[in-house]
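Here is what each chain is made of, one letter per residue.
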Amino acid sequence: MSTLELKTQIDESLKLIEEDETLLLRVAKYLKRLTKKKADPTLMTKEEFFAHVDEALAQAERGETVRVHGLTELNNFLNSL
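Residues numbered from 1 in each chain as written. Predicted model: local features only at pLDDT ≥ 70, side-chain atom pairs only at ≥ 80, totals over all residues. Heavy atoms only, no water.

Visitor: Any details on the packing of aromatic side chains? Residues and values, ideally.
Guide: Within the structure shown, the criterion is met by 1 aromatic pair. Look at Phe 49 and Phe 50: their rings are 5.1 Å apart centre to centre, the planes differ by 75 degrees, and that puts the pair in the edge-to-face class. You can call Phe 49 partly exposed: its relative accessible area is 43%. The exposure class of Phe 50 is partly exposed, given its relative accessible area of 43%. (Phe/Tyr/Trp six-rings, centres within 6.5 Å; stacked < 30°, edge-to-face > 60°. Buried < 20%, exposed > 50% of the residue type's maximum accessible area, 1.4 Å probe, protein only.)

Visitor: Describe a nonpolar patch on the surface, listing the residues and the values that go with them.
Guide: A cluster of nonpolar side chains, contributed by Val 66, Val 68, Leu 71, Leu 74, Phe 77, Leu 78 and Leu 81, occupies part of the molecular surface with about 650 Å² of accessible area. Position of Leu 78 relative to the elements: it lies in helix H4 (residues 71–80). (Patch = residues over 30% accessible without salt bridge, like charges linked within 9 Å, V, L, I, M, F, W, Y side chains within 5 Å. Areas by Shrake-Rupley, 256 points an atom, 1.4 Å probe, with all protein chains shown as cover. Salt bridge = Lys/Arg side-chain N within 4 Å of Asp/Glu carboxyl O. Helix = DSSP H or I, 4+ residues; strand = E, 2+ residues; numbered from the N terminus.)

Visitor: Tell me about the pattern of salt bridges, residues and numbers included.
Guide: Within the structure shown, the criterion is met by 2 salt bridges. A salt bridge links Arg 62 to Glu 55, with the shortest nitrogen-to-oxygen separation between them at 3.3 Å. The partly exposed category is assigned to Glu 55, whose relative accessible area is 39%. In this structure, the salt-bridge partner of Glu 64 is Arg 62, at a minimum N-O distance of 3.1 Å. Exposure remark for Glu 64: the relative accessible area of 46% places this residue in the partly exposed category. Salt bridges here are not isolated pairs; linked through shared partners, they connect Glu 55, Arg 62 and Glu 64.

Visitor: Explain the environment of Glu 47 to me, using residue names and the numbers behind them.
Guide: Within the secondary structure, Glu 47 is located in helix H3 (residues 46–61). Separated by 25 residues in sequence, Glu 47 and Thr 22 have C-alpha atoms that sit 29 Å apart.

Shown next as structure tokens:
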């Protein structure tokens, strides 16, 4: 199916639901989620961010850390990832 055909199909579908505000809100919410995912796949919720921080702190407490001394050593470490 071509892009033009897809756009036409979407327009026709929207015309069928344009009188139903509830459906339009659901479509708008879904489209926002789709574009958000496409725009930046690295975004995370506040809860996910703090879960990562908590895990990093726990790893540090367990001694699962890497010490880097100097720029050359840092570059070598980053290149190894």
